[in-house]
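Observations on chain architecture
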Amino acid sequence: MDLRMNYEDILSKRIQTVRPSGIRKFFDLLEEMKDAISLGVGEPDFVTPWHIRDAGIYSLEKGFTHYTANAGMSDLRKEVSAYMNRRFDLQYPYSSQVLITVGGSEAIDAAFRVLVDPGDEVIIPVPSFVCYGPLVSMCSGVPVFLELKAEDEFRLTPEKLRSAITPKTKALVLPFPCNPTGGIMGREDLQAIAELLRGTDIMVVSDEIYAELTYGQHHVSMANIPDMYDRTVVIGGFSKSHAMTGWRMGYACAPAPIIQQMTKMHQFSIMCSPTTSQYAAIEAMKNGDRDVEHMRDEYDGRRRYLLEGLRRIGLPCFEPKGAFYMFPDIRGTGLTSDEFCERFLVEEHVAVISGSAFGPGGEGFVRCCYATSMKDLAEAMTRMERFLKNLKK
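These numbers were taken from a predicted model, which means no experiment stands behind them.

1. With respect to the overall build of the protein
Looking only at helices and strands, one finds 15 helices and twelve strands in the protein. In terms of overall size, the protein behaves like a compact globule, its C-alpha atoms giving a radius of gyration of 21 Å where 393 residues would be expected to give roughly 21 Å. Each principal axis of the C-alpha atoms in the protein carries an extent, and together these give about 65 × 65 × 50 Å. Counted over contacts in the protein with a minimum sequence separation of 6, partners at least 24 positions apart contribute 75%. Accessible surface computed for the protein: about 17600 Å², of which carbon and sulfur atoms make up 51%. Taking the 44 positively charged and 52 negatively charged side chains of the protein as two groups, their mean positions are separated by 1 Å.

2. Some words on the side chain of aspartate 291
Mapped onto the secondary structure, aspartate 291 falls in helix 13 (residues 289–312). An unpaired buried charge is present at aspartate 291: no salt bridge exists, and arginine 290, the closest side chain of opposite charge, is 7.2 Å distant. With sequence-adjacent residues up to four places away left out, aspartate 291 is seen in contact with Pro49, His51 and Ile52.

3. Remarks on the sheet that holds strand 11 (residues 353–354)
Strands belonging to one sheet form pairs held by backbone hydrogen bonds; the direction of such a pair is parallel or antiparallel. Reading across the sheet, the three strands line up as 9-12-11 and stay open at both edges, with antiparallel pairing between neighbours. Sheet topology places strand 9 (325–326) and strand 11 at the edges, where each strand pairs with a single neighbour. In this sheet, strand 12 (residues 366–369) lies alongside strand 9 in antiparallel orientation, the contact comprising two bridges. In the strand pairing of strand 12, tyrosine 325 is matched with cysteine 369.

4. Topic: the side chain of glutamate 212
Along the chain, glutamate 212 falls in the loop between strand 6 (203–207) and strand 7 (232–237). A distance of 2.7 Å separates the side chain of glutamate 212 from the side chain of tyrosine 83, its partner in a polar contact. Here arginine 87 takes part through its side chain, which lies 2.8 Å from a polar atom of the side chain of glutamate 212. The contacts of glutamate 212, once residues within four sequence positions are left out, are Tyr83, Arg87, Phe88, Ser241, Val292 and Arg296.

5. Topic: the packing of helix 5 (residues 74–88) against helix 12 (residues 275–287)
Two elements in contact, helix 5 and helix 12, have axes separated by 9 Å at closest approach and are oriented at 30°. With respect to helix 12, the element helix 5 is oriented roughly parallel. For the crossing formed where helix 5 meets helix 12, the hand is left-handed. Where helix 5 abuts helix 12, its residues Asp75, Leu76, Glu79, Val80, Tyr83 and Arg86 lie against Gln278, Ala281, Ile282, Met285 and Lys286. A per-class count over the contact of helix 5 with helix 12 returns six nonpolar, one polar and four charged.

6. Here we look at the sheet that holds strand 3 (residues 121–126)
Spatial ordering of the open sheet is given by 2-8-7-6-5-3-4, a layout of seven strands whose pairing is mixed. For this open sheet the edge positions go to strand 2 (98–101) and strand 4 (142–147), each flanked by a neighbour on one side alone. When the angles between neighbouring strand axes are averaged without regard to direction, this sheet yields 20°. Here four bridges tie strand 7 to strand 8 (residues 250–253), and the two strands are oriented antiparallel to one another. In the strand pairing of strand 8, isoleucine 235 is matched with alanine 252. Along the sheet, helix 11 (residues 256–269) makes contact with strand 2, strand 6, strand 7 and strand 8, crossing strand 2 at roughly 25°.

7. Regarding the environment of proline 360
Examined against the element boundaries, proline 360 turns out to sit in the loop between strand 11 and strand 12. Of the residues examined, proline 360 reaches a relative accessible area of 41% and is grouped as partly exposed. Sequence spacing of proline 360 and histidine 218 is 142 residues, and the spatial spacing of their C-alpha atoms is 29 Å. Not counting chain neighbours up to four residues away, the residues in contact with proline 360 comprise Val126, Pro127, Phe145 and Glu147.

8. As for the packing of aromatic side chains
With the rule as written, the count across this model stands at 17 aromatic pairs. Their ring planes at 75° and their centres at 5.5 Å tell us that phenylalanine 46 and tyrosine 299 sit as a pair that is edge-to-face. Of the two residues, phenylalanine 46 is situated in the loop between strand 1 (37–38) and helix 4 (50–61) and tyrosine 299 in helix 13; the sequence distance between them amounts to 253 residues. Plain terms: the ring middles of phenylalanine 64 and tyrosine 279 are 5.2 Å apart, the flat faces sit at 25° to each other, and that makes the pair stacked.

9. Brief notes about helix 10 (residues 187–197)
For an α-helix, the turn length of 3.6 residues means that residues three or four places apart are oriented alike. Taken as a whole, helix 10 has its buried residues at Leu190, Ile193, Ala194, Leu196 and Leu197. Buried positions in helix 10, seen along its axis, are confined to an arc of 155° and lie on one side of it. Facing away from the buried side of helix 10 by over 90 degrees, the exposed positions are Glu188 and Glu195. For helix 10, the secondary structure elements touched by its buried residues are helix 9 (158–164), strand 5 (169–174) and strand 6. Following helix 10 by one or two positions, glycine 199 has its phi on the positive side, about 90°.

Criteria and thresholds
Residues numbered from 1 in each chain as written. Predicted model: local features only at pLDDT ≥ 70, side-chain atom pairs only at ≥ 80, totals over all residues. Heavy atoms only, no water. Helix = DSSP H or I, 4+ residues; strand = E, 2+ residues; numbered from the N terminus. Rg over C-alpha atoms; globule rule 2.2 N^0.38 Å. Contact = heavy atoms within 4.5 Å. Areas by Shrake-Rupley, 256 points an atom, 1.4 Å probe, with all protein chains shown as cover. Lys, Arg positive; Asp, Glu negative; His and termini not counted. Charge placed at Lys NZ, Arg CZ, Asp CG, Glu CD. Buried < 20%, exposed > 50% of the residue type's maximum accessible area, 1.4 Å probe, protein only. Salt bridge = Lys/Arg side-chain N within 4 Å of Asp/Glu carboxyl O. Pairing = 2+ DSSP bridges. Polar contact = N/O pair within 3.5 Å; in protein donor to acceptor, adjacent residues only side chain to side chain. Axes fitted to C-alpha atoms, helices over the stretch in contact; angles between N-to-C directions. Parallel < 35°, antiparallel > 145°, perpendicular 65-115°, else oblique. Left-handed = near helix turned anticlockwise from the far one by under 90°. Nonpolar A, V, L, I, M, F, W, Y, C, P; charged D, E, K, R; others polar. Phe/Tyr/Trp six-rings, centres within 6.5 Å; stacked < 30°, edge-to-face > 60°. Arc of directions from axis to C-beta.

Shown next, in the form of structure tokens:
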């Protein structure tokens, strides 16, 4: 008798069919290279500002190490409410419409879990962050990928959206400012989408984790658009804007009935967000605006440098207006996105991410993150120019 466990039968078929992130394989190779430059990790190279770290340290020194309310400390929810009003002209009562989560990722997961029933369709513009499709599938929903184009600056157009809506459509993801493209949606773009959604029951899950990182214009949320406040779940967080990736702090702002159900999900799966991180986040919300503006100015300089460099060496790239990524077109090299990234890493020890990792529409592009030093960006450009010249030999 064979007593070995058959894990294929034991494990959930739904989870087994979800593919792992296409980003990770490049980091496995990168770890073995001592002189490698990474333009792959979507993480600020800034250290969390000292006054924010100090608030976390002080909370530990004072012994504030117990559970908080499930939805998050009331002081933090008040600060998030004030921040959303101050920065984006959005009013969310802290007691009923704000939930503190473990990063923006948990907020996205909870939003899908409370909105999506088996068979419901969720429209996901791509290329976009890798988590949306798998999370919808894990809810037994159906991800519907809507391919955006570089010639539209990777904006979602009403014509594109109209073609994807069916009677089964439950929600639309708005991943703007966008990882990996750097694309944004302006007020007029959002108004056109809103006009199409009026009269339907389609909800919007608006991932605005990069809302503070826009260049040349102020971020506008779908919740700012008339008639859209009551059908929008706004996802935000501290990781990108305040350089707090490791603190794992995010939040959701939404109509009270949705936050009530998301809090219930959070209560049973997480209990509460880390207490130390919540104290640090209070300080970030209260006194972090200048930090945000300083880092955004630094990113903007790197953005302009990298854009000019890519175009100079012959890689077409539209000008990204948000986040901290470039999405150059590498189709002229004759390589696939995976081939380009693997060869560039092996031959020149520079890591960029294959556009195919971000869904349909990403093939033929690569993602370059400019949340790194100017010194590394300059060296990466030198190596990329040499790589492209060697390809032509």
